[in-house]
Amino acid sequence: MSLIRERSAGRPVAVAAGAWPQLAAYTTVSLLLQIDGTLITIAVPRVAMSFEVGPQIGPLLLSAYFVPYAAGLVPGGRLADRYGGRLPVLWGLGLFAGAAVVGALAPSFWMLVASRVVQGLAAGLASPAALAGAVAPFRPEQRGVALGVFGSASGVAHLIGPFAGGALTQGLGWRWNWWVLVPASLLCGAGIVRTVAPTARRLATGADPVRIYSRTVGVAAACAGISFTILIGSFLLAQEYLQHHGFSPMAAAVPPTILAAVIAVVAPRAGRLTDRRGSRPVLMAAFLVLGVGLGLLALPVASLTTLWAVPAVVLVGLGLGLMFAPTSR
């Protein structure tokens with residue numbers, strides 16, 4: 001395998017040729033699947049008004065996406081083990097784009113919810129393959145950097161998504177939040193086809209299953225679940241709180257955008273730090289910073305409508321940005 005020279009943690013390391021383009025292609029897929037959540041979250045109040053459903057029903061759109069997403073992760077991981085990253089990602093993107101068309105044309109709220117279920121399942125099937133494909137060309141001691149770059153997609157998604165979702169919702173109507181996902185899915189699929197070569201990888205049908213569950217896996221999964229819940233929950237609560245207090249969808253996107261910008265900057269650096277120091281100290285620091293940030297947000301003076309909330313939001317973003325690489329690694 002041909003090698004190029006890169007510098008990580010102050011020393012030269014060998015990286016497989018094509019590793020960075022492959023990482024970029026799979027990271028873009030992850031970016032799309034996470035942008036979906038931010039686009040739709042911004043549109044939730046307008047969707048509820050359009051279909052004349054109560055505001056408490058609107059968040060069902062998010063649950064209809066993330067519950068099937070979670071359910072699809074283990075089957076998606078098995079598909080990635082069996083076929084490699086390329087095919088499961090392309091299958092998932094095709095299903096995701098088809099469900100987005102159904103959502104954009106949905107004549108009723110419940111049809112929209114059904115389309116979200118299919119989108120969530122498609123995203124769950126594609127996500128493990130995207131993560132596996134992103135880090136596959138990198139050696140174990142380099143994967144913290146790769147995972148940091150991959151994790152920064154979450155920050156970028158929450159940086160782009162709120163303003164894109166707000167602009168689409170205000171300017172063209174909430175259905176365009178679904179329409180825009182169709183060409184985006186096609187472009188991501190084209191990037192995978194162009195960058196990732198087909199493989200003949202396929203496990204034998206009678207292969208013995210490998211035991212992958214352990215205390216370490218369980219703790220890492222719990223940490224990832226906590227960070228994901230805080231990220232999505234805080235995003236939903238923040239934008240609904242601000243829109244309820246008279247802010248436009250664009251203005252309501254400002255606090256989540258600050259959070260996202262911090263994550264996007266911190267995650268790649270956290271990956272390099274994880275490669276040098278290991279996962280444990282980085283995770284401990286992440287939880288400490290996250291706890292302080294959430295504690296500050298709990299203070300009455302830190303209302304999201306005032307500048308007092310900015311330091312707390314920055315600390316929460318810092319904690320979440322530190323968390324992704326060590327938990328995934």
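Quick note: structure is the one above.
What counts as what
Residues numbered from 1 in each chain as written. Predicted model: local features only at pLDDT ≥ 70, side-chain atom pairs only at ≥ 80, totals over all residues. Heavy atoms only, no water. Helix = DSSP H or I, 4+ residues; strand = E, 2+ residues; numbered from the N terminus. Buried < 20%, exposed > 50% of the residue type's maximum accessible area, 1.4 Å probe, protein only. Contact = heavy atoms within 4.5 Å. Areas by Shrake-Rupley, 256 points an atom, 1.4 Å probe, with all protein chains shown as cover. Core = buried A, V, L, I, M, F, W, Y, C linked by side-chain atoms within 4.5 Å. Axes fitted to C-alpha atoms, helices over the stretch in contact; angles between N-to-C directions. Left-handed = near helix turned anticlockwise from the far one by under 90°. Nonpolar A, V, L, I, M, F, W, Y, C, P; charged D, E, K, R; others polar. Expected span 1.5 Å × (residues − 1). Bend = angle between axes of the 7 residues up to and from the residue. Phe/Tyr/Trp six-rings, centres within 6.5 Å; stacked < 30°, edge-to-face > 60°. Salt bridge = Lys/Arg side-chain N within 4 Å of Asp/Glu carboxyl O.

## Examining the overall build of the protein
Reasoning step 1: Counting secondary structure elements, the protein contains 12 helices and two strands.
Reasoning step 2: Counted from the first residue to the last, the protein has its helices and strands arranged as β-β-α-α-α-α-α-α-α-α-α-α-α-α.
Reasoning step 3: When the 329 residues of the protein are sorted by exposure, 47% land in the buried category.
Reasoning step 4: Considering only contacts in the protein between residues 6 or more positions apart, those separated by 24 or more positions represent 81%.
Reasoning step 5: As displayed, the protein offers around 15400 Å² of accessible surface, 69% of which is attributable to carbon and sulfur atoms.

## Some thoughts on the nonpolar core
Within soluble globular proteins, side chains that are nonpolar tend to cluster in buried spots.
Reasoning step 1: One finds Val29, Val47, Val89 and Leu112 to be the most contacted residues of the largest nonpolar core, which totals 53 residues.
Reasoning step 2: Broken down by secondary-structure element, the contributors of at least two residues to this core are α1 (19–50), α2 (60–83), α3 (86–105), α4 (109–135), α5 (143–171) and α7 (181–195).
Reasoning step 3: For this core, the element with the highest residue contribution is α1, accounting for 14 residues.
Reasoning step 4: Here Val47 is in contact with Leu61, Phe109, Leu112, Trp174 and Trp178, once residues within four sequence places are set aside.
Reasoning step 5: Formed by 16 residues, the second largest nonpolar core is a distinct cluster that contains Cys223, Leu283, Val313 and Val316.

## A few points about the packing of helix α10 (residues 254–277) against helix α12 (residues 309–328)
Reasoning step 1: Between α10 and α12, the shortest axis-to-axis distance is 7 Å and the interhelical angle comes to 35°. Remark: the crossing between α10 and α12 carries right-handed chirality. Seen from α10, the contacting residues are Pro255, Ile258, Leu259, Val262, Ile263, Val266, Ala267, Ala270, Gly271 and Thr274; seen from α12, they are Val313, Val314, Val316, Gly317, Leu318, Leu320, Gly321, Leu322, Ala325 and Pro326.
Reasoning step 2: In terms of residue class, the contact of α10 with α12 is made up of 16 nonpolar, four polar and no charged.

## Some thoughts on α2
Reasoning step 1: Taking 1.5 Å of rise per residue, the 24 residues of α2 would be expected to cover 34 Å, and the 33 Å separating its terminal C-alpha atoms lies within 8% of that figure.
Reasoning step 2: Considering bend angle alone, the principal kink of α2 is centred on Leu73 and spans about 35°; proline Pro75 follows within four residues of it.
Reasoning step 3: Along α2, the positions that sit buried rather than exposed are Leu61, Leu62, Ala64, Tyr65, Phe66, Pro68, Tyr69, Gly72, Gly76 and Ala80.
Reasoning step 4: A positive phi of about 85° marks Gly84, the residue just after α2.

## Describing α10
Reasoning step 1: Between its terminal C-alpha atoms α10 stretches 34 Å, which fits the 34 Å expected from 24 residues at 1.5 Å a residue.
Reasoning step 2: A positive backbone phi angle near 95° is found at Gly278, which sits one or two residues after α10.

## Describing the packing of aromatic side chains
Reasoning step 1: Counting across every chain of the model gives eight aromatic pairs.
Reasoning step 2: Ring centres of Phe51 and Phe109 lie 6.3 Å apart, and the angle between their planes is 65°; on these two criteria the pair is classed as edge-to-face. Remark: Phe109 occurs in helix α4 and Phe51 occurs in the loop between α1 and α2; sequence separation between them is 58 residues. In terms of burial, Phe51 and Phe109 fall into one category: buried.
Reasoning step 3: Here the aromatic rings of Tyr65 and Phe66 are separated by 5.0 Å at their centres, their planes lie at 85°, and the arrangement is edge-to-face. For the residue pair Tyr65 and Phe66, the accessibility class agrees, reading buried in each case.
Reasoning step 4: The rings of Phe51, Phe109, Trp110, Trp174 and Trp178 are connected pair by pair, giving a single aromatic cluster.

## Some points on the pattern of salt bridges
Reasoning step 1: Tallied over the entire structure, the rule returns one salt bridge.
Reasoning step 2: Of the charged contacts, one joins Asp36 and Arg116 as a salt bridge, the two residues approaching to 3.0 Å between their closest N and O atoms. With Asp36 in helix α1 and Arg116 in helix α4, the pair connects residues that are 80 residues apart, well separated along the chain. Side by side, Asp36 and Arg116 carry an identical accessibility label, which is buried.

Just distances and angles here, no functional claims.
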